[in-house]
There are 2 protein chains.
Amino acid sequence: MLSKDALDTLFTNARTHNAWLDKPVTDAQLQEIYDLMKWGSTSANCSPARIVFVRSDAEKQKLLGCVSQGNFEKTKTAPVTAIIGMDMEFFEKLPQLFPHADARSWFAGNQANIDATAFRNSSLQGAYFMLAARAVGLDCGPMSGFDADKLNAVFFAGTTVKVNFICNLGYGDAQQLFPRSPRLSFDEACKIV
Amino acid sequence: MLSKDALDTLFTNARTHNAWLDKPVTDAQLQEIYDLMKWGSTSANCSPARIVFVRSDAEKQKLLGCVSQGNFEKTKTAPVTAIIGMDMEFFEKLPQLFPHADARSWFAGNQANIDATAFRNSSLQGAYFMLAARAVGLDCGPMSGFDADKLNAVFFAGTTVKVNFICNLGYGDAQQLFPRSPRLSFDEACKIV
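Residues numbered from 1 in each chain as written. Chains lettered and ligands numbered in written order. Predicted model: local features only at pLDDT ≥ 70, side-chain atom pairs only at ≥ 80, totals over all residues. Heavy atoms only, no water.

- Per an unreviewed UniProt entry, chain A carries the name Putative NADH dehydrogenase/NAD(P)H nitroreductase DFR42_1011006 and comes from Undibacterium pigrum.
- Looking at chain A in UniProt, the text filed under Sequence similarities (unreviewed entry) is "Belongs to the nitroreductase family. HadB/RutE subfamily."
- The UniProt entry for chain A carries the following text under Cofactor (unreviewed entry): "FMN". (UniProt positions renumbered as here; feature names shortened; annotations may be inferred.)

If you want it as structure tokens, here you go:
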């Protein structure tokens, strides 16, 4: 059982941040996040997530051309914005990632299974990413408001990767948080049978 | 920054379990998991995940009729199997969950956006669920190998919920773990630009 402090950091007090302190995120922190999140469970260890950490001014400008108006300022001011992508040919790495069975054959040629597996598992990995970022002391601001076709053309042209969602990363300015929105109760969302 | 022990529990030493100790999972633990995972970020706080915790023999038998052969024994012996579902009419709860804007109108009538948002965000919540379960001392065994149409007919007939994935829950038998599969390196999965 984790300590109350750890649970607060990951869940109870963790917020989606929209305003960022002027404090950089280091390469070592990005590596540390990946080296935690990579251990999270995926179906047949398929690990479809591919991440582009956008930090330079030039690349951030390209990204800003893809995001919705409501996400512009927060993305502009975030020290790093992570593009959580998914490799639609993830199954080509299964001989490496799942060496004890011919898992590649479960996917190759089955586009519906490829699409669902890439999307589900890169989303799981996106959540592992956010909790790993919080675990190492950073804050997150995930976003779905962007032009996916444009972003894919700018960042993933000539590859088999497509964007799933994007996520600002840095030290959030807690003074600029909105009041927290309500959540569904256990009885609204769950049942035990 | 979380302690090394906490990071080990969540990520570094956390494994997908296939064999379970004969030790029950309590209602209080299920409530505790939900009361952590519910705080995880979702798009416009849409919170589409709906969970059925299958524990009774009668309901477990119904579930066993839906899972693949490879998932039968582990599901049979797990103290609880969670069905992580997604409410395809999640947007009807947005007036409650996102009261400061008319977020319902962003989705109603836009089936492609509904489908992607339900799937992405219930997957994120499924990952929050697994990390919350580990955080309270339990182990997880997520699975995609089941007949989704059959499971939906058995557990979600007459509702707007569809299954995303299922996940065994309990105290894993570490002695029956397989050797851990490799992960992609940072350079294989990520880049900083």
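### Here's the deal with the relation of the copies chain A and chain B
Move 1: With an axial shift of 0.0 Å and an RMSD of 0.0 Å, the rotation relating chain A to chain B amounts to 180°. These values place the two chain copies in the arrangement generated by a two-fold rotation axis.
Move 2: A share of 100% of the interface residues of chain A reappears at the interface of chain B, consistent with the copies meeting face to face through the same patch. (Least-squares fit on C-alpha atoms with pLDDT ≥ 70 in both. Contact = heavy atoms within 4.5 Å.)

### Comments concerning the pairing of strand β2 (residues 80-87) of chain B
Residue and element names in this part refer to chain B.
Move 1: Burial within β2 is extensive, with eight of its eight residues counted as buried.
Move 2: On β2, burial covers both faces: Val 80, Ala 82, Ile 84 and Met 86 on one face and Thr 81, Ile 83, Gly 85 and Asp 87 on the other are all buried.
Move 3: Sheet topology note: the β2/strand β4 (residues 161-170) ladder contains eight bridges and is antiparallel. Paired with Val 80 across the bridge in β4 is Leu 169. (Buried < 20%, exposed > 50% of the residue type's maximum accessible area, 1.4 Å probe, protein only. Helix = DSSP H or I, 4+ residues; strand = E, 2+ residues; numbered from the N terminus. Pairing = 2+ DSSP bridges.)

### Observations regarding the packing of helix α2 (residues 27-37) of chain B against helix α7 (residues 111-135) of chain B
Residues and elements named next belong to chain B.
Move 1: Here α2 crosses α7 at 130°, and the two axes come no closer than 9 Å. Judged by the angle between their axes, α2 and α7 are oblique. Both α2 and α7 take part in a crossing whose hand is right-handed. Between α2 and α7, the residues in contact are Ile 33, Leu 36 and Met 37 and Gln 125, Tyr 128, Phe 129, Ala 132 and Ala 133, respectively.
Move 2: Across the contact of α2 with α7, the residue classes tally to seven nonpolar, one polar and no charged. (Axes fitted to C-alpha atoms, helices over the stretch in contact; angles between N-to-C directions. Parallel < 35°, antiparallel > 145°, perpendicular 65-115°, else oblique. Left-handed = near helix turned anticlockwise from the far one by under 90°. Nonpolar A, V, L, I, M, F, W, Y, C, P; charged D, E, K, R; others polar.)

### Structural notes on the interface of chain A and chain B
Move 1: In this assembly, 70 residues from chain A lie in contact with 70 residues from chain B.
Move 2: Summed over both partners, the interface of chain A with chain B comes to about 6300 Å²; 65% of that surface belongs to carbon and sulfur atoms.
Move 3: Along the contact surface separating chain A from chain B lie zero salt bridges.
Move 4: The tally of links between chain A and chain B comes to 32 residue pairs in polar contact (both at pLDDT 80 or more).
Move 5: At the level of elements, α1 (4-12), α2 (27-37), β1 (49-54), α5 (94-97), α6 (111-135), β4 (161-170), α8 (186-189) and β5 (190-192) of chain A are the ones that each hand at least two residues to the side of chain A that touches chain B.
Move 6: Residue classes in the side of chain A that touches chain B are distributed as 38 nonpolar, 19 polar and 13 charged.
Move 7: Two elements, β5(A) and strand β1 (residues 49-54) of chain B, share three bridges in a ladder whose sense is parallel. Bridge pairing in β1(B) links A:Ile192 to B:Phe53. (Buried area = accessible area lost by both parts, 1.4 Å probe. Salt bridge = Lys/Arg side-chain N within 4 Å of Asp/Glu carboxyl O. Polar contact = N/O pair within 3.5 Å; in protein donor to acceptor, adjacent residues only side chain to side chain.)

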